[in-house]
Amino acid sequence: QVQLVESGGGLVQPGGSLRLSCAASGFTFSSYAMRWYRQAPGKERELVAAHNGAFGRTTYADSVKGRFTISRDNAKNTVYLQMNSLKPEDTAVYYCNAQRNLRDYWGQGTQVTVSS
């Protein structure tokens, strides 16, 4: 059974940091591209960061470049999103995604709220 379980969300003040984790099971984690998406109220889901499993290439949305870092630990079947210098506009539900060919898996999401 495939599972992606996010954790690490919460309430943080502007300028603060959070680290999200996504623990994966039920598939060959190292063979999958791993991504973080987010969806704010009333907005479409958007890609935040991606990590290509094969070559370690990472990509980021322009809005988070220089502030967010995606990483993965294939030994622990876990992908991380380090978020620094958080802004109120980063407030959203953050989702973990695993993708390979036609296989596409999603976690349940974790809420991140940036507010003073």
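Our structure is the block above this text.
Please read these numbers as outputs of a predicted model, since none were measured by experiment.

Asks: Got a sec to walk through the overall build of the protein? Specific residues and values, please.
Replies: Tallying secondary structure elements over the protein gives zero helices and eleven strands in all. Taken against the 2.2 N^0.38 rule, which gives 13 Å for 116 residues, the C-alpha radius of gyration of the protein at 13 Å falls within 12% of a compact globule. Projected onto its principal axes, the C-alpha positions of the protein cover 40 × 25 × 25 Å. Here the protein holds 116 residues, and 41% of them are scored as buried. Total accessible area on the protein stands at roughly 6200 Å², and carbon and sulfur atoms take up 45% of it. In the protein, 13 positive and 8 negative side-chain charges are present, and the distance between their average locations comes to 6 Å.

Asks: An account of the nonpolar core is requested, with residue identities and associated values reported.
Replies: If you look at the biggest cluster of nonpolar residues, it comprises 28 residues, and the most contacted ones within it are W36, L81, M83 and Y94. Residue assignment for this core shows that the elements contributing at least two residues are β3 (18–25), β4 (33–39), β5 (46–51), β7 (68–73), β8 (78–83), β9 (92–100) and β11 (110–114). Beyond its immediate sequence surroundings of up to four residues, M83 is in contact with G16, S17, L18, L20, R67, F68, Y94 and V112.

Asks: Break down the sheet that holds strand β1 (residues 3–7) for me, citing the residues and quoting the values.
Replies: Judged by pairing direction, the sheet is antiparallel, and its four strands sit side by side in the order β1-β3-β8-β7 without closing on themselves. Both outer strands of the open sheet, β1 and β7, are each paired with one neighbouring strand and no more. Here the average twist between neighbouring strands, direction ignored, is 15°.

Asks: Now, about the pairing of β4: what can you tell me, with residues and values included?
Replies: Among the seven residues of β4, six are classified as buried, and the element is accordingly described as predominantly covered. As paired strands, β4 and β5 are joined by five bridges and run antiparallel to one another. What sits directly across from M34, in β5, is H51.

Asks: Please provide a residue-by-residue account of the state of the cysteines, values included.
Replies: In the structure shown here, the tally under the stated rule is one disulfide. The disulfide partner of C22 is C96, and the S-S distance across this bridge is 2.1 Å. Across the disulfide from C22 to C96, rotation about the S-S bond amounts to roughly -80°, and the bridge is consequently left-handed. Of this pair, C22 sits in strand β3 while C96 sits in strand β9; the two residues are 74 residues apart in sequence, bridging distant segments of the chain. By relative accessible area, C22 is classed as buried at 0%.

Conventions we followed
Residues numbered from 1 in each chain as written. Predicted model: local features only at pLDDT ≥ 70, side-chain atom pairs only at ≥ 80, totals over all residues. Heavy atoms only, no water. Helix = DSSP H or I, 4+ residues; strand = E, 2+ residues; numbered from the N terminus. Rg over C-alpha atoms; globule rule 2.2 N^0.38 Å. Buried < 20%, exposed > 50% of the residue type's maximum accessible area, 1.4 Å probe, protein only. Areas by Shrake-Rupley, 256 points an atom, 1.4 Å probe, with all protein chains shown as cover. Lys, Arg positive; Asp, Glu negative; His and termini not counted. Charge placed at Lys NZ, Arg CZ, Asp CG, Glu CD. Core = buried A, V, L, I, M, F, W, Y, C linked by side-chain atoms within 4.5 Å. Contact = heavy atoms within 4.5 Å. Pairing = 2+ DSSP bridges. Axes fitted to C-alpha atoms, helices over the stretch in contact; angles between N-to-C directions. Disulfide = S-S within 2.5 Å.

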